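Structure at a glance
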Amino acid sequence: MTQRIRVFATCDIGDALNILRQKGYDLEVYPQPEAPPKALIVEKVKSGVQGLITTLRDSIDAEVFAAGKGTLRVVSQLAVGFDNINRADANKYKIPFTNTADVLTEATAEFAFFLMGALARKLWPAEHLTRDNQWGYWHPFLPFLGDEVTGKTVAVIGTGRIGLAMIKKCAGFDMDILCYDPAYENREYIQAIQETMDLRFERGISRDKTMIRYTTLDDCLKSADFISLHVPLQRPGEGSNPTYHLINESTLRSMKPTAMLINTSRGPVVDETALARALRENWIAGAALDVYENEPLPADSPLRDPGLADRCRLLPHFASAGRITRLSSDPEKGMAGRCVQGLIDVIEGNYGGDITKMPYVVNKEAFAK
Ligand code: NAD
């Protein structure tokens, strides 16, 4: 009798796991909603599982890969970002890991867009006014006004999958768009967006002409009304354009005092201490954050200062949290489906067993002949 394939999932990722059960895999799922302790992951890997399903909460490094030497065949991550997985360590042990790119692109971009709108139009303080029974009268400008998004300038930092989707949504709101990406400029896409902007103006759909262009980070920071981050987290020494604390005291000081920052990328891309100060001292007008340097956001975070609540939106790493995006078993639609398919591809040797041809494997370089 052949041995059943053993898989440990550090988290329940929903019905997509039934695909593995139906295939006869021996699947163990960590039952708690919190992340398991690292020691438990190491123990499970040491016990000989061939597949490991992870989330961004799990630190997957040399200790885990060493524990799986000779047995662990794939780490399958439910996220597009993989800053919790040490790529160099995975390559050293020649263990492929997969991610769930693309299926969360539109959900994450629309969330960034909605955060921008909620912040700019002051939806949160306005609802509080109503709920707290402080809405005493209709008045042209009291107790406060918001700012329109339509017609303003947005800077999209990082023009990969999610950045380009954000651009598409902002173009629909007649915004001028500045783009910055030191490693990947999709000029064809930007040209196509400019053509649709021009057509909307010519046909009377948009009242004003709008524009999109690539520019420098400095120009983005100095000129934009909204700055939206769509970069991966790369710490110093990882990759050629580290993004750790890309937004810091100096970059915050170069923004307009009316500027607003939106971060749906990764928390450590923003220096939170500097940001809290920037908000307190009005260097910038607002920030909307979905991700934090430490998650969940610590109780003593300066971002929780009630004095900042009117201009600082705080969301719980929620940008991809749409039902279909998170849970669909269809690998073309859901993170769960794509995560499971990525694992199956490696375990069952799809694509002729050639890891470099498997679409969801990230570290293909370790397997190039
Ligand atoms: P992607 O790889 O397609 O795009 C990232 C882009 O950032 C690339 O074009 C890259 O060249 C660019 N980049 C790298 N360093 C840069 C720098 N220093 N300055 C400017 N641009 C730089 O990735 P994606 O699918 O668009 O996802 C982007 C990130 O969003 C992920 O890595 C993840 O961390 C984050 N994310 C968060 C959520 C959430 O729930 N909040 C959901 C999905 C993705």
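Being a predicted model, the structure only gives us computed values, none of them experimental.

1. Remarks on the site of the ligand
Looking at the ligand, there are 29 residues lining it, with R161, I162, D181, T264 and D290 nearest. Within the backbone of T264, an N or O atom sits 3.0 Å from a nitrogen atom of the ligand. When isolated, the ligand has an accessible area of 870 Å², and the protein chains bury 90% of it. Across the shell around the ligand, the residue classes break down as 13 nonpolar, twelve polar and four charged.

2. Comments concerning the sheet that holds strand β5 (residues 97-98)
Within the open sheet, the five strands sit side by side as β2-β1-β3-β4-β5. Their pairing is parallel. The open sheet has two edge strands, β2 (26-29) and β5, and neither has a second partner. In terms of strand pairing, strand β1 (residues 6-9) meets β2 through four bridges, oriented parallel. Paired with V7 across the two strands is L27, which belongs to β2. Against the sheet, helix α13 (residues 335-347) contacts β1, β3 (51-54), β4 (74-77) and β5, and its axis sits at roughly 165° relative to β4.

3. A closer look at the packing of helix α7 (residues 161-171) against helix α8 (residues 187-202)
Viewed as axis vectors pointing N to C, α7 and α8 meet at an angle of 10°, and their least axial separation amounts to 11 Å. As judged from the angle between their axes, α7 and α8 are roughly parallel. Contacts between α7 and α8 involve L164, A165, I167, K168 and A171 from the first element and Y189, I190, I193, M197 and R200 from the second. Across the contact of α7 with α8, the residue classes tally to eight nonpolar, no polar and two charged.

4. Overview of the sheet that holds strand β10 (residues 260-263)
Pairing in this open sheet of seven strands is parallel, and the strands run β8-β7-β6-β9-β10-β11-β12 from one edge to the other. With one partner strand each, in any of the chains shown, β8 (212-214) and β12 (312-314) form the two edges of the open sheet. For this sheet, the mean inter-axis angle between neighbouring strands, taken without regard to orientation, is 15°. Here strand β6 (residues 153-157) runs beside strand β7 (residues 176-180); their pairing, made up of five bridges, is parallel. Counterpart to A155 in the pairing with β7 is L178. Of the strands in this sheet, β7 and β8 touch α8, which is tilted by about 160° from β8.

Rules of the game
Residues numbered from 1 in each chain as written. Predicted model: local features only at pLDDT ≥ 70, side-chain atom pairs only at ≥ 80, totals over all residues. Heavy atoms only, no water. Near = heavy atom within 4 Å. Polar contact = N/O pair within 3.5 Å; in protein donor to acceptor, adjacent residues only side chain to side chain. Areas by Shrake-Rupley, 256 points an atom, 1.4 Å probe, with all protein chains shown as cover. Nonpolar A, V, L, I, M, F, W, Y, C, P; charged D, E, K, R; others polar. Pairing = 2+ DSSP bridges. Helix = DSSP H or I, 4+ residues; strand = E, 2+ residues; numbered from the N terminus. Contact = heavy atoms within 4.5 Å. Axes fitted to C-alpha atoms, helices over the stretch in contact; angles between N-to-C directions. Parallel < 35°, antiparallel > 145°, perpendicular 65-115°, else oblique.

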